[in-house]
Amino acid sequence: MVRLTDGDDDESAADSDSILESQLNRRNYLKLGAMAASTALSAGVASAASGPEERFGIQWDRVVNAVDDLGMDPNGNEPIDDQLDSAYESGTLIEFPPGEYLATETQYWNDDVSRFGMVGTGSSHKDVQFVFPSGNNGEKYRFLEITSGDHHVLKNFSIQQTDDSTTTADIWMINDDGALIEDVEWLGRTPTDNDARRQLLAYDCSSVDGVNVARRVYMREGAELPGYPDGVAGIRVQGGSVGEIRLVDCHIEQRGSSSFRATHTRGVLRVEGGLFKNNDNTNMRISAGDHPEKTSWIKGATVIMDADNLNEHARDGDSLDSPEGLRIDSTGNGYAGVLIEDCDFIFKSCPTSRGIVSSPTWAGHGGFTLRNCRIQNDTSVQTIHADSVDTDTADKPWGVNLENVSITGSTRSQPAGAAVCIDNDRNGSTVQNSCIHFPNGDVDGVLVNDATNCEIVDSNINVSGQATVFSGADVDTSNITSGDSCPLPSADGSTGGDSSTTDDSTDSTTDSTTDSTTDDSTAESLPNEIRLVGTGTTTQYEFTVTDSLQASGDTIEEWDDIESGTATGWITTDGVEDAYTFSGDIDSFSFLEGESEIHVNGEQVSESTVTGATTDDSTDSNTDGSTDSTDDSTTDSPDLSHELRLVGTGTQTQYEFTVSDALEASGDTIETWDTIDGTSASGWITTAGVEDTFNFAGSVTSFGFVEGEAEIYVDGEQVTESTVTDAVTDSGTDGSTDSGTDGSTDSTDDTTDSQNELRLVGTGAETQYEVTVSGTLEASGDTIEQWDDVSESSATGWVTTEGVEDVYAFTGTITSLSFLEGEAEVYVNGTRVDPAVFSLPNTLVVEGDGTETTYDFMVSGDILNDPLVGPTESDDSLTNGKAKGSVTDGIDAFRFSGDITKMNLAGDAALTFEDNDG
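Residues numbered from 1 in each chain as written. Predicted model: local features only at pLDDT ≥ 70, side-chain atom pairs only at ≥ 80, totals over all residues. Heavy atoms only, no water.

Caption draft 1: Representation of the overall build of the chain in the model. Summing up its helical and strand segments, the chain has two helices and 76 strands in all. Of all 918 residues assigned to the chain, the portion counted as buried reaches 57%. A fraction of 78% describes how many contacts in the chain between residues 6 or more apart in sequence connect residues 24 or more apart. (Helix = DSSP H or I, 4+ residues; strand = E, 2+ residues; numbered from the N terminus. Buried < 20%, exposed > 50% of the residue type's maximum accessible area, 1.4 Å probe, protein only. Contact = heavy atoms within 4.5 Å.)

In structure tokens, the structure reads:
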């Protein structure tokens with residue numbers, strides 16, 4: 001095995017080419033001996049096969065069943081080697097029914113075959129598994145070695161390595177064009193390279209104009225972690241590849257070496273989406289390539305490094321050695337120009353490492369661009385390091401460009417002294433419209449050494465050290481801020497999956513997924529809804545419905561896929577959800593990994609019962625298509641003379657309210673997920689124009705949106721959330737005015753011009769409260785008794801009787817609110833709030849400017865929605881010190897304690913925050 005010196009740690013580019021040449025000769029020789037038997041068996045296969053048909057965009061001459069037509073053993077007892085080899089010919093698609101298939105010999109195929117496929121027919125790719133001799137008899141076993149041809153398809157099966165420390169199986173596939181490896185997983189533990197080859201999948205494209213795709217390839221069940229260079233990588237694009245290899249939505253985790261690597265290749269590697277987690281050496285290793293028309297890129301991918309928390313497949317003693325996030329590396333070839341766009345890098349814990357994003361000197365790579373990326377660094381690992389470049393060998397441009405990059409985290413130090421280090425001769429480097437927030441320890445923002453014609457512009461650098469440090473460098477700076485106000489990165493929409501720059505690829509290799517990220521709130525509503533709610537574990541789901549399926553709102557990201565009636569997606573963060581509407585029934589559902597909550601039409605179900613949760617019935621439905629399960633067709637009684645209607649605006653909305661006397665549903669507008677309990681009701685309404693209607697007696701005593709918003713009508717008049725309780729002033733059932741048992745007349749009539757309203761509603765416990773505001777405070781109406789004490793900006797009072805309330809009008813903000821004894825319900829501007837929010841000293845506000853901005857914050861203390869600004873929307877989540885959501889035209893605001901430990905932002909909104917507790 002040839003290795004380079006001078007700090008490089010890998011084989012030479014010529015190594016793979018020489019291996020290829022020698023093995024081609026061996027394969028041709030082996031094929032001659034099998035030719036006669038192959039010809040006889042192929043004739044039998046042809047007679048049993050089905051006729052021509054099209055699948056995966058390819059026209060097949062014959063489709064054969066591995067068991068019925070070829071006689072393969074699906075129980076894993078008898079080898080399939082001879083039958084598989086004899087069936088290898090152009091135009092043949094082999095279908096493998098669920099089962100285990102024993103392979104004991106490598107298939108050496110170099111016959112320029114066109115259109116050959118091996119496809120599992122199970123509902124999961126784990127239903128068909130290829131198994132191998134235990135320990136591989138001391139060999140480094142290769143299952144398939146395909147070194148010529150085009151349009152080969154490997155789909156919907158698994159490679160079972162078992163969990164011993166010696167059994168392994170890899171694949172090497174070279175095609176001119178049109179190859180597809182899809183829904184294929186390597187199961188079991190991967191040994192070291194003493195018992196395995198240097199990667200599990202070697203994938204090359206041998207034509208400059210060709211495009212080969214690997215989609216949803218999974219390697220996540222762990223590996224031996226011996227440290228570089230003895231670990232086994234995931235996917236490698238080798239020196240002989242001259243066209244385009246594309247990786248789409250792959251998940252590679254806990255490899256002994258790089259998850260994927262394309263450093264020698266003269267062709268390009270293009271990565272769309274995917275998760276790359278806790279892989280040793282590097283999580284992503286790529287070069288720009290040397291293609292005459294294309295360059296390599298990575299778009300929409302996520303890298304997570306949490307070395308202290310390996311997954312469940314780790315064994316005692318497993319530990320990562322020196323993992324990096326992304327290495328820009330051409331192994332001395334001097335390539336330049338790779339693009340990294342719309343990617344997330346999250347480093348929570350990590351041993352010694354070169355960096356989250358790095359391009360070492362010996363890597364020999366020219367310039368590269370990071371655009372619309374978000375980096376969280378809670379470790380002491382260097383965040384970004386563009387090391388010095390050899391200007392004699394590296395192609396131009398040499399500079400590193402950071403555009404709309406957000407760098408946050410709790411790191412207290414950086415090996416280079418600064419978050420971003422740009423070293424010698426990286427001339428023309430730029431940092432623009434970016435945000436760096438490292439408030440802890442002593443960390444500088446951007447360091448530039450001995451480089452010319454550089455610039456740092458339109459960026460906020462809010463760090464504990466100096467914003468910029470220059471040594472022998474020529475750097476222009478303008479519009480650099482360093483205060484608490486932090487402009488957010490501006491996404492340009494070029495997310496993973498955009499094929500506009502690759503219109504030279506063929507139909508059979510392009511990603512055919514629908515655009516599931518488009519807001520389809522204007523599309524025709526479908527009658528059923530399924531919501532997958534994250535529980536904090538990395539989860540992939542897959543389900544199929546019998547009729548139509550579409551995304552609900554904007555909950556679906558670019559890594560989620562809807563194709564016909566099937567959806568496949570990922571959900572990770574606790575409380576965040578993916579939502580779909582559909583017609584028909586759920587035909588199948590499974591978690592490919594992890595788990596989440598499942599809600600169908602508002603009711604939580606389990607994985608085993610989700611397929612029975614709906615029965616599509618076109619009759620007796622509401623305007624939103626939902627089947628009425630509560631038939632309340634009684635006419636209004638004389639006492640139920642008032643009407644409350646909630647009309648959907650297209651956002652997922654939960655409401656709750658209470659009336660003073662009596663309450664019932666009106667007609668058949670109320671569904672199973674809506675509830676009436678005495679004089680209180682809570683429910684959900686989502687579809688624009690659809691309504692929930694109630695009849696009631698008395699008055700509305702409390703009302704609040706738990707999430708979302710809807711139009712509110714009382715007796716036909718539209719009201720607001722804060723005025724709905726004033727809409728009806730009714731007599732009690734005995735004819736007297738409604739009053740508390742303490743003699744006070746309940747009223748929420750605010751006759752002042754104050755901006756905000758505070759209501760404290762008794763729960764039946766003897767309660768004393770104390771409140772202070774930053775502006776002015778005064779009693780509203782006649783709700784305050786003689787034992788309540790109100791000054792210009794504070795009040796102390798008692799509220800005891802259930803449902804009776806003290807109401808105040810105030811300006812400014814509530815600076816403190818506490819209960820000296822007992823407790824009461826607290827409403828601000830009509831929305832019920834947690835009074836604990838007023839004890840949180842710090843504020844954080846995200847204000848939209850008309851385009852969508854997404855945010856993801858984490859604090860070391862507590863965080864709650866600020867009720868004075870208004871509730872967050874249904875797509876926003878707030879749990880366990882974390883806030884995640886989006887704004888467009890509105891404002892999302894929070895109060896919190898402690899420090900901001902994570903801040904991932906993308907969009908054009910403005911962020912302001914105040915740290916009042918140090």
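On we go.
Caption draft 2: Molecular detail of the confidence of the model for the chain. Mean pLDDT over the chain works out to 81, with 83% of the residues at or above the 70 mark. Confidence drops under pLDDT 50 across residues 616–638; counting only partners more than four residues distant or on other chains, this segment forms 41 contacts. For the stretch residues 730–754, pLDDT sits under 50, and the model shows 48 contacts to residues farther than four places along the chain or on other chains. (pLDDT = per-residue confidence, 0-100.)

Caption draft 3: Representation of unusual backbone geometry within the structure. A cis amide bond links Tyr228 with the next residue in sequence, Pro229, at an omega value of 10°. Take Pro229: it is sitting in the loop between strand S15 (211–219) and strand S16 (233–236). Positive phi values are uncommon outside glycine, yet Arg216 reaches one of about 55°. Summarising the element assignment, Arg216 is placed in strand S15. Residue classification places Arg216 among the buried residues on the basis of a relative accessible area of 12%. In this model, Asp450 sits at a positive phi of 45°, which is unusual for a non-glycine residue. Looking at the element boundaries, Asp450 is found in the loop between strand S37 (444–449) and strand S38 (454–463). Classification of Asp450 by relative accessible area gives partly exposed; the value is 39%.

Caption draft 4: Up close: the sheet that holds strand S44 (residues 549–551). A sheet is described by the order of its strands in space; here five strands give the open sequence S44-S47-S42-S49-S50, paired in antiparallel fashion. Every other strand in the sheet has two partners, leaving S44 and strand S50 (603–605) as the edge strands with one partner each. The mean angle between the axes of side-by-side strands here comes to 30°, regardless of whether they run parallel or antiparallel. (Pairing = 2+ DSSP bridges. Axes fitted to C-alpha atoms, helices over the stretch in contact; angles between N-to-C directions.)

Caption draft 5: Up close: the environment of Val63. Note on placement: Val63 falls in strand S3 (residues 62–65). The class for Val63 is buried, based on a relative accessible area of 6%. The sequence separation of Val63 and Pro52 amounts to eleven residues, and the corresponding C-alpha distance is 7.5 Å.

Caption draft 6: Spatial organisation of the packing of aromatic side chains. Evaluated as defined, the whole model comprises 24 aromatic pairs. For the pair Phe130 and Phe143, a centre-to-centre distance of 5.0 Å together with 40° between the ring planes defines the contact as tilted. Highlighted residues: Phe130 in strand S9 (residues 128–131) and Phe143 in strand S10 (residues 142–146), separated in sequence by 13 residues. For the pair shown, Phe130 and Phe143 are each scored as buried. (Phe/Tyr/Trp six-rings, centres within 6.5 Å; stacked < 30°, edge-to-face > 60°.)

Caption draft 7: Representation of the sheet that holds strand S56 (residues 691–697). Strand order in this open sheet of five strands is S53-S56-S51-S58-S59, and the pairing throughout is antiparallel. Of all strands in the sheet, those bounded by a partner on one side alone are strand S53 (662–665) and strand S59 (717–719). For this sheet, the mean angle separating the axes of adjacent strands, direction not counted, is 30°. Bridge analysis of strand S51 (residues 642–648) against S56 gives six bridges, and the strand direction is antiparallel. When the bridges of S56 are listed, His642 appears paired with Phe696.

Caption draft 8: Inspection of the pairing of strand S24 (residues 302–306) at higher detail. For S24, the tally of buried residues reaches five of five residues, placing the bulk of the element in the interior. The side-chain alternation of S24 yields two buried faces, one formed by Thr302, Ile304 and Asp306 and the other by Val303 and Met305.

Caption draft 9: Representation of the side chain of Asn281 within the structure. Tracing the backbone shows Asn281 in the loop between strand S21 (275–277) and strand S22 (282–286). Of the residues examined, Asn281 reaches a relative accessible area of 4% and is grouped as buried. Side-chain polar atoms of Asn281 contact the side chain of Ser258, separated by 3.2 Å. (Polar contact = N/O pair within 3.5 Å; in protein donor to acceptor, adjacent residues only side chain to side chain.)

Caption draft 10: Structural context of the nonpolar core. Met118, Phe130 and Phe143 are the most contacted members of the largest nonpolar core, which has 100 residues in total. Beyond its immediate sequence surroundings of up to four residues, Phe130 is in contact with Ile80, Phe96, Tyr101, Met118, Phe143, Phe157, Ser158, Ile159 and Gln160. Counting residues in each nonpolar core, the second largest holds 21 residues, with Phe657, Val659, Ile685 and Phe703 among its members. (Core = buried A, V, L, I, M, F, W, Y, C linked by side-chain atoms within 4.5 Å.)

Caption draft 11: Inspection of the environment of Ile58 at higher detail. Its location among the elements puts Ile58 in strand S2 (residues 58–60). Its relative accessible area of 4% is what places Ile58 among the buried residues. The residues contacting Ile58, other than those within four sequence positions of it, are Glu53, Arg115, His151 and Val153.

Caption draft 12: The environment of Glu105, seen in detail. As for its placement among the helices and strands, Glu105 is situated in the loop between strand S6 (99–102) and strand S7 (107–109). According to the relative accessible area criterion, Glu105 is partly exposed, its value standing at 47%. With near-sequence residues (within four places) excluded, Glu105 lies in contact with Asp81, Tyr141 and Phe143.

Caption draft 13: How the structure looks around the pattern of salt bridges. Summed over the entire model, instances satisfying the criterion amount to 37 salt bridges. We note a salt bridge from Glu182 to Lys155, for which the minimum N-O separation is 2.3 Å. Of this pair, Glu182 sits in strand S13 (residues 180–187) while Lys155 sits in strand S11 (residues 150–160); the two residues are 27 residues apart in sequence, bridging distant segments of the chain. Summarising the burial analysis for this pair, Glu182 and Lys155 share the class buried. Arg197 is paired through a salt bridge with Asp170; the nearest N and O atoms lie 3.3 Å apart. Within this pair, whereas Arg197 is found in the loop between S13 and strand S14 (199–205), its partner Asp170 is found in strand S12 (residues 170–175), the two being separated by 27 residues in sequence. What makes Arg197 partly exposed here is its relative accessible area of 25%. (Salt bridge = Lys/Arg side-chain N within 4 Å of Asp/Glu carboxyl O.)

Caption draft 14: Region of interest: the pairing of S37. The element S37 is largely enclosed, with a buried count of six among its six residues. Of the strand pairs in this sheet, strand S34 (residues 418–422) and S37 are connected by four bridges, and their pairing is parallel. By the bridge assignment, Val420 is partnered in S37 with Val446.

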